[in-house]
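# A structural walkthrough
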Amino acid sequence: MKRDAKDASTVSSRQSPLRALLIALPMMFLTLLMLTAGKRPPDPPHVAALAITFVFFNLFFFLMVRTGKTDRYRAPLFITYAVAFVISFISRIIEIRGSMALTETNILQAQAPFCHIAIPMVLIPAALTKTIIYPGTIIGSFASISSMLILWIGASLSLGRGFCGWACFFGGLEDGFSRILKRPVIKRIGATWTYLPYAVLLLIVLTSAAAFSPTYCEWLCPFKTVTEYVQVTSLKTLIQAIIFLSLFLGLVVVLPILTKRRTQCGLFCPFGAFQSFTNKANVFDIRIDRDKCVKCGRCVRTCPTFSMNDASIAEGVSRITCMKCGKCVDTCPKGAISYHVKGTPHPGRSDRYRLLFLYPAFLFLATMAGGSIRDAILRIIKLVTTGSMV
Amino acid sequence: MKRLRAMLGYAWAFLAVVIVLATFMGNRYFSHKFVSATKITVSPRVTGGDVAKVSEHGNYKTMIHRPVFDGLIGERSTGFIQIDWEPVDGLPPVLEERVEPGGKREMAFTVRLDTRSGAATAKDHVGSGLPVDQVYKLRTGWAVRVLLQKGKAP
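Residues numbered from 1 in each chain as written. Chains lettered and ligands numbered in written order. Predicted model: local features only at pLDDT ≥ 70, side-chain atom pairs only at ≥ 80, totals over all residues. Heavy atoms only, no water.

Turning our attention to the pattern of salt bridges. Residues and elements named next belong to chain A. This structure, assessed with the given rule, holds 15 salt bridges over all chains. A salt bridge links R74 to D71, with the nearest nitrogen and oxygen atoms 2.8 Å apart. Highlighted residues: R74 and D71, both in helix α4 (residues 71–97), separated by three residues, approximately one helical turn. There is no split in this pair, since R74 and D71 are both buried. Ionic pairing is found between D175 and R262, a salt bridge with its closest N-O pair at 3.9 Å. Of this pair, D175 sits in helix α9 (residues 171–177) while R262 sits in the loop between α12 (235–259) and α13 (263–267), and the two are 87 residues apart along the sequence. (Salt bridge = Lys/Arg side-chain N within 4 Å of Asp/Glu carboxyl O. Helix = DSSP H or I, 4+ residues; strand = E, 2+ residues; numbered from the N terminus. Buried < 20%, exposed > 50% of the residue type's maximum accessible area, 1.4 Å probe, protein only.)

So, in structure tokens, the structure goes:
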């Protein structure tokens, strides 16, 4: 164990403090630019929220570069992002609609914020009818459809399924729960289960096209529990609410705790399955140096989305479902796993490849999460000073 | 060839940062461009479709939407028509409106909404009831959806 740890430290891409600072400087500039959008904060609470967010992100980026550990410093940011998102989202929804409940009238008036998970469901009807089967606004409002589609295109081109590990505002909830126990209670999950997200994807794409409504959002989304619950007015809405709550408790809370994996992302999420295909067209991937690999199986046991198995190790590349979180890279005792830029030699300049990936991935995370974290800080300040978050 | 592939790989990797910056900084611009290029709208099954006729009644007005039969490919055999009531000075306790879906007289029916109870009924010219899909209490008014069958007079 001690030898493993020593091996790991010798193979990690540590940088000297000065070099790490120099590498982190452009990120400081970029995050400041993205967090402020070139505008000065209007009052002291906004200045405080901006300062805390800026320091928080850049400290973690510096540590990421300095220590050579990716997931160790990604995870706290990602979890904070998810919690801040829930606080910020619920507060905004209450401000806009007066309640967290999504009523039939809200749906008629297209007042539901659009979410990336709905993207696979809307594409076929959009292509055939030029209409979006989602009760949201096309442009200009909070989480409008066009704005989320542009974010998704940008994320797919720059990160592929890295979106799920660096930008998804729900993933951090499971990530947090999966880190509660030191060891997993459920250790083995049959490989067949990892194909379930593709089945869910196929099911919801077909049923949404047939019913002309986003069936996953209506029946299967676990995250309704922490965003906008459906108002219970009938037996149908009662069943929907029970399904949402059960899926949330099962896939986002209990199973991640017991398995130490992101079970909703790895075993259920149709968007994750859909996003896996964008990995094929993305320049970054995770490679395994078969000469260095001692087949200890740590990467297989720790991968949150079941993206490492014996076949992928033999092939020298993670499975298509990899979300590039870097957990396997951090865990490998021999430094056999590394980030890679397609087209470049492997094994090659793995430090350079890692930094080339970290820049867009971290910037995406900082920009997406920055808004939610700043808003959550402001709302907490408001709660302390006025007794209300909205 | 290997060198060229490596150069392209590095170029794309550098471009990834530019893509992220453009995604966020140009989000508004790209969103508008995307919408104007694709002409995409929210489905009429959600919004109720375009308003085909507006009837002024002094202190309130009625907006009758076009009948919606839109399906994935072509039109469906079943659909609905949405009727909205919007107050100018306030709504009366009972609202009544004669509706001719798509301007077809033979399809005409009368919809009646009691704003105190939120109950709605729809009846054709011989007094037979039509199925009311849903009644919605809007921020400033009411909306009712009446189910229709394509090509069939009520």
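Having seen the model, we can carry on.
Glancing now at the confidence of the model for chain B. Averaged over chain B, the pLDDT score is 91; the fraction of residues at 70 or greater is 98%. Mean pLDDT values over the elements of chain B span from 89, in strand β9 (residues 129–130) of chain B, up to 96, in helix α1 (residues 2–25) of chain B. (pLDDT = per-residue confidence, 0-100.)

This brings us to the interface of chain A and chain B. Between chain A and chain B, the contact holds 54 residues from the first and 45 residues from the second. Summed over both partners, the interface of chain A with chain B buries about 4000 Å², with 74% contributed by carbon and sulfur atoms. Considering only the surface of chain A that becomes buried against chain B, L108, I150 and F212 of chain A emerge as the three largest contributors, covering 17% of it. Counting across the chain A and chain B interface gives eight residue pairs in polar contact (both at pLDDT 80 or more). Among the secondary structure elements, those contributing two or more residues to the side of chain A that touches chain B are α2 (17–36), α5 (104–108), α6 (119–129), β1 (131–132), α7 (145–159), α10 (196–211) and α18 (350–386) of chain A. When its residues are assigned to classes, the side of chain A that touches chain B shows 36 nonpolar, 14 polar and four charged. (Contact = heavy atoms within 4.5 Å. Buried area = accessible area lost by both parts, 1.4 Å probe. Polar contact = N/O pair within 3.5 Å; in protein donor to acceptor, adjacent residues only side chain to side chain. Nonpolar A, V, L, I, M, F, W, Y, C, P; charged D, E, K, R; others polar.)

Taking 1.5 Å per residue as the helical rise, α2 of chain A with its 20 residues ought to reach 28 Å, and the 27 Å between its terminal C-alpha atoms agrees with that figure. Its axis deflected by about 35° at A24 of chain A, α2 of chain A carries its strongest bend there, up to four residues before the proline P26 of chain A. The complete set of buried residues in α2 of chain A reads A20, I23, A24, M27, L30, T31, M34, L35 and T36 of chain A. Packed against the buried residues of α2 of chain A are α3 (44–67) and α18 of chain A together with α1 of chain B. Immediately downstream of α2 of chain A, the backbone of A37 of chain A shows phi near 55°, a positive value. (Expected span 1.5 Å × (residues − 1). Bend = angle between axes of the 7 residues up to and from the residue.)

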